[in-house]
Amino acid sequence: MKVLVIGKGGREHALAHAAYKSNLVDCVYAAPGNPGMSKFAQCVNISDSDVDRLVSFAKEEKIDLTIVGPEASLSLGVVDAFKKEGLKIFGPTKDATQVESSKDFAKKIMAKYNIPTATYETFDNKEDAIAYVKEQGAPIVIKEDGLKAGKGVTVASTLEESLEAVEIAFSIPNNKVVIEECLFGFEFSLICFVCDDVVIPMQIAQDHKCVYDGDKGPNTGGMGCYSPVKKITPEIIQDAMDHVMIPMAKAMMEEGHPFTGFLYGGLMLTEKGIKTIEFNARFGDPEAEVILPRLQSDFVDVILKVMNHETVELQWDPQVTLGVVMASEGYPASSTKGAIIEGVDQVDGFVYHMGTKMDHDHLVTDGGRVLISVAKADTLEEAYEKAYADVKKIQCDKLFYRNDIGKKDM
């Protein structure tokens with residue numbers, strides 16, 4: 001089989017590597033790919049937003065299966081375009097991608113089908129939003145409605161902070177804002193292979209969204225992750241499947257938005273049970289980089305069976321994976337490009353490229369989140385030690401990282 005992975009980040013690096021390990025796959029292409037993927041995949045110089053060229057390439061190369069990584073490609077309708085040409089592709093249509101591309105869309109479905117989530121209101125004008133925030137008080141959560149690459153969310157601890165977030169949100173023309181109660185508890189990610197009402201759960205991961213140690217600072221796309229999660233028992237996972245993931249897949253069908261692809265549930269275990277923070281229409285990043293290395297089942301075979309509406313019993317490596325993101329100084333507000341990175345080849349674990357490129361013979365920074373160093377070990381504590389030992393081998397004066405990934409579960 002020939003497999004094409006659309007995207008260029010760490011998630012796509014992990015997806016392509018999982019496809020490469022499949023017994024069914026002869027060749028992996030990545031569009032546009034990154035320097036890390038080029039070690040095992042053929043990188044094709046096509047932007048992940050150039051839908052027409054992606055379709056043409058898949059037809060010309062007779063690609064058997066395409067796997068979509070980024071939410072931006074999904075929201076542009078790449079799946080619709082591939083399906084129109086009779087090409088097999090794993091990902092949701094533009095319509096179904098609204099579960100991520102519109103927070104208001106997702107909240108309305110959750111409310112209608114009694115999927116547990118935070119209470120909320122949606123606003124399309126600043127004055128009403130400000131009045132609501134003042135009425136509710138802080139802490140409170142301000143979410144801009146559209147795709148924000150894991151950002152665009154403010155967990156405001158003070159009234160001043162929440163009002164500032166509303167001002168920033170409505171400085172963007174035609175923006176819409178979801179304002180919801182602030183949930184407290186233990187956050188985790190549950191990602192499923194989905195095709196209509198076939199919902200196959202993967203192992204749990206725990207992402208670290210805030211930029212600084214101790215969960216301080218603004219939200220990011222994720223500064224590190226680990227899997228599995230000791231605090232989330234099989235009983236809790238089954239509860240999440242029964243009350244969140246399966247009901248959402250069925251609700252999407254009922255509402256005329258059938259979902260195929262990776263359905264991501266951002267969940268929180270609260271004193272009142274599981275609550276849904278958000279849904280995403282694709283694999284999480286950095287969750288992909290710690291979950292997929294533990295998958296012992298054939299990744300591509302699982303996708304094909306799910307697309308054929310078959311249930312699959314997934315097999316997992318019992319070891320723990322932990323990943324530490326190395327990000328550009330100034331992230332998430334800014335990023336660096338062109339800073340030389342050395343030492344990536346010296347690590348003992350695995351490094352996924354999130355925002356890199358080659359400049360002549362040098363690997364350089366090319367984005368906000370740049371690399372994620374992933375280690376595997378028998379315990380979370382051992383994985384922590386290995387991952388951070390590897391991070392210290394990577395040299396770049398424009399990168400920083402959190403020092404406490406996984407500590408909350410130790």
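Residues numbered from 1 in each chain as written. Predicted model: local features only at pLDDT ≥ 70, side-chain atom pairs only at ≥ 80, totals over all residues. Heavy atoms only, no water.

A. Molecular detail of the sheet that holds strand E1 (residues 2–7). An order of E3-E2-E1-E4-E5 is seen for the five strands of this open sheet, with the pairing classed as parallel. Whereas interior strands pair on both sides, the edge strands pair on one side only; in this sheet they are strand E3 (42–43) and strand E5 (89–90). Where strand E4 (residues 65–68) lies against E5, two bridges are found, and the strand directions are parallel. The partner of Ile-67 across the bridge, within E5, is Phe-90. Here helix H11 (residues 299–307) sits on the sheet in contact with E1, E4 and E5, set at roughly 95° to E4. (Pairing = 2+ DSSP bridges. Helix = DSSP H or I, 4+ residues; strand = E, 2+ residues; numbered from the N terminus. Contact = heavy atoms within 4.5 Å. Axes fitted to C-alpha atoms, helices over the stretch in contact; angles between N-to-C directions.)

B. Region of interest: unusual backbone geometry. With an omega of 0°, the peptide bond between Ala-31 and Pro-32 qualifies as cis. Along the chain, Pro-32 turns up in strand E2 (residues 27–32). In this model, Ala-138 is joined to Pro-139 through a cis peptide bond whose omega is 5°. By secondary structure assignment, the location of Pro-139 is in the loop between helix H7 (126–136) and strand E7 (140–144). The phi angle at Asn-174 is positive, at roughly 60°, despite the residue not being glycine. Mapped onto the elements, Asn-174 comes out in the loop between helix H8 (159–169) and strand E9 (177–181). The class of Asn-174 is exposed, set by a relative accessible area of 82%. Positive phi outside glycine occurs at Asp-196, with the angle close to 60°. Mapped onto the elements, Asp-196 comes out in the loop between strand E10 (186–195) and strand E11 (198–201). (Buried < 20%, exposed > 50% of the residue type's maximum accessible area, 1.4 Å probe, protein only.)

C. Molecular detail of the packing of helix H6 (residues 103–112) against helix H9 (residues 234–254). Contact geometry for H6 and H9: axes closest at 10 Å, N-to-C directions at 105°. Considering the angle they form, H6 stands roughly perpendicular to H9. Contacts between H6 and H9 pair Phe-105, Ala-106, Ile-109 and Met-110 from the former with Met-248, Ala-251 and Met-252 from the latter. Here the residues of the contact of H6 with H9 sort into seven nonpolar, no polar and no charged. (Parallel < 35°, antiparallel > 145°, perpendicular 65-115°, else oblique. Nonpolar A, V, L, I, M, F, W, Y, C, P; charged D, E, K, R; others polar.)

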